[in-house]
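Architecture and fold: a report
Chain by chain, the residues run as shown.
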Amino acid sequence: MTFSRTAPVAVFDSGVGGIGVLREVKKLLPHEDLLYFGDDAMAPYGERPTDEVRALVLDHAQRLLRLAKALVLACNTATAAAAQELRQHYPTIPIIGMEPAIKPALKVAPHPRILILATPTTLREAKLRTLLRLHATRAVFYKCPAPELVRLVEEGLADSPEADRYLDRILAPFSGTHRPDAVVLGCTHFPLAKDAILRHFGNDMPLFDGAVGTARELARRLAAENLLNPTEREGAVTLTSSAPHMLPLYHKLFYA
Ligand code: DGL
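Calculation criteria
Residues numbered from 1 in each chain as written. Predicted model: local features only at pLDDT ≥ 70, side-chain atom pairs only at ≥ 80, totals over all residues. Heavy atoms only, no water. Helix = DSSP H or I, 4+ residues; strand = E, 2+ residues; numbered from the N terminus. Expected span 1.5 Å × (residues − 1). Buried < 20%, exposed > 50% of the residue type's maximum accessible area, 1.4 Å probe, protein only. Arc of directions from axis to C-beta. Pairing = 2+ DSSP bridges. Right-handed = clockwise from strand over helix to strand, strands pointing away. Contact = heavy atoms within 4.5 Å. Axes fitted to C-alpha atoms, helices over the stretch in contact; angles between N-to-C directions. Parallel < 35°, antiparallel > 145°, perpendicular 65-115°, else oblique. Left-handed = near helix turned anticlockwise from the far one by under 90°. Nonpolar A, V, L, I, M, F, W, Y, C, P; charged D, E, K, R; others polar. Bend = angle between axes of the 7 residues up to and from the residue. Phe/Tyr/Trp six-rings, centres within 6.5 Å; stacked < 30°, edge-to-face > 60°.

Compared with an ideal rise of 1.5 Å per residue, which puts 14 residues at 20 Å, helix 10 (residues 211-224) spans 20 Å between its outermost C-alpha atoms and is within 8% of the ideal. The set of residues buried in helix 10 consists of Ala211, Thr214, Ala215, Leu218, Ala219, Arg221 and Leu222. Projection of helix 10 onto a plane perpendicular to its axis shows the buried side chains occupying an angular sector of 165°, all on one side. Those residues of helix 10 that are exposed and aimed more than 90 degrees away from the buried face are Arg216 and Ala224.

Here's what the structure looks like:
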């Protein structure tokens with residue numbers, strides 16, 4: 001497949017979480033046309049078997065790549081389940097995945113305790129295990145699945161008493177001598193619940209997410225492959241979802 005430089009970049013997530021990544025992409029690459037798709041009708045992905053997530057991602061990617069010159073998997077779960085296979089299917093197209101922001105979190109203390117909040121799929125897949133093994137001598141890693149937080153974010157309840165109650169319950173073990181020095185938000189939905197997470201840990205807890213890193217990697221790949229849109233005009237942003245009732249929330253978060 002060959003694409004013109006003026007084709008859009010597709011940004012995909014299971015739902016609303018990838019909008020945070022889309023915002024970073026827009027900041028960095030204002031001239032690109034961006035096509036966002038969230039599969040809210042099938043979200044959350046993170047509790048589904050890996051094969052099922054992979055099939056969903058491949059299906060949507062195939063459709064998006066009929067139009068787009070590059071694909072951003074703005075979803076840690078989709079990246080863990082399907083990035084490798086997608087790259088094999090489309091070897092000539094930039095496929096950019098999410099990377100949990102472990103590296104910057106390592107810098108907060110000499111031998112930090114780092115808590116990774118993510119979906120069950122992300123936490124069990126090889127990609128994260130490999131990354132943690134790589135840094136095993138430099139930090140203590142705690143893993144905490146937070147699937148219900150995805151649902152709360154999808155329902156517009158990211159900053160709510162329900163979110164507070166849920167976080168207090170699942171994060172209770174990470175206190176006292178197990179209090180982390182940093183928290184890695186390994187799911188693109190979770191930065192939207194940042195306020196509730198900080199209410200639990202206190203405002204001084206450093207939080208890290210991969211949105212800026214992913215946007216930078218996209219910019220680097222488009223430049224390297226001579227795929228940057230040469231236009232001087234502002235790029236168009238198209239927001240789409242498999243559950244159109246979500247679009248007002250997309251607009252609110254993107255244009256906030
Ligand atoms: N936003 C996705 C991620 O980054 C997953 C949410 C879901 O479970 O659907 O992992």
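Turning our attention to the pairing of strand 1 (residues 9-13). Taking burial as the measure, the 5 residues of strand 1 include 5 buried ones, the bulk of the element. Bridge analysis of strand 1 against strand 2 (residues 34-38) gives 5 bridges, and the strand direction is parallel. Residue pairing across strands places Ala10 opposite Leu35, the latter belonging to strand 2. In this fold, strand 1 hands off to helix 1 (residues 19-28), which returns the chain to strand 2; that crossover is right-handed.

Judged by pairing direction, the sheet is parallel, and its 5 strands sit side by side in the order 4-3-1-2-9 without closing on themselves. Both outer strands of the open sheet, strand 4 (95-96) and strand 9 (237-241), are each paired with one neighbouring strand and no more. Pairing of strand 2 with strand 9 involves 5 bridges; the strand directions are parallel. Considered in strand 9, the bridge of Leu34 is made with Val237. Lying on the sheet, helix 1 is in contact with strand 1, strand 2, strand 3 (70-73) and strand 9; it crosses strand 2 at an angle near 175°.

Moving on to the packing of helix 1 against helix 10. Two numbers describe how helix 1 lies on helix 10: the axes approach to 8 Å, and their chain directions differ by 45°. If you check the angle between helix 1 and helix 10, you find them oblique. For helix 1 against helix 10, the interelement crossing comes out right-handed. Touching Gly20, Val21, Glu24, Val25 and Leu28 of helix 1 are Ala211, Val212, Thr214, Ala215, Arg216, Leu218 and Ala219, all from helix 10. Class assignment of the residues belonging to the contact of helix 1 with helix 10 gives a composition of 8 nonpolar, 2 polar and 2 charged.

Attention now goes to the environment of Leu35. Structurally, the position occupied by Leu35 is in strand 2. Measuring from C-alpha to C-alpha, the distance between Leu35 and Glu155 comes to 22 Å, with 120 residues separating the pair along the chain. In contact with Leu35, not counting residues within four places along its chain, are Pro8, Val9, Ala10, Val11, Leu64, Leu67, Thr238 and Thr240.

A few words now on the packing of helix 2 (residues 50-64) against helix 3 (residues 76-89). The N-to-C vectors of helix 2 and helix 3 enclose an angle of 65°; their axes lie 9 Å apart at closest approach. Viewed along their axes, helix 2 and helix 3 form a crossing whose handedness is right-handed. Along the contact surface, helix 2 presents Thr50, Val53, Arg54, Val57, Leu58 and Ala61, while helix 3 presents Thr77, Ala78, Ala81, Ala82, Glu85 and Leu86.

For the rest of this paragraph, the subject is helix 3. If you check helix 3, its first and last C-alpha atoms are 19 Å apart, about what 14 residues at 1.5 Å a residue would give, namely 20 Å. Ala82 marks the point of greatest bend in helix 3, at about 60°. Considered for burial, the residues of helix 3 that qualify are Asn76, Thr77, Ala78, Thr79, Ala80, Ala81, Ala82, Ala83 and Leu86. Contacts from the buried residues of helix 3 go to strand 1, helix 2, strand 3, strand 4, helix 5 (120-124) and helix 6 (126-134).

Applying the stated criterion across every chain yields a total of 5 aromatic pairs. Here the aromatic rings of Tyr36 and Tyr250 are separated by 5.4 Å at their centres, their planes lie at 85°, and the arrangement is edge-to-face. With Tyr36 in strand 2 and Tyr250 in helix 11 (residues 247-254), this pair connects stretches of sequence that are 214 residues apart. The burial state of Tyr36 is the same as that of Tyr250; both residues are buried. Taken together through their ring pairs, the aromatic side chains of Phe12, Phe37 and Tyr45 make up a single cluster.

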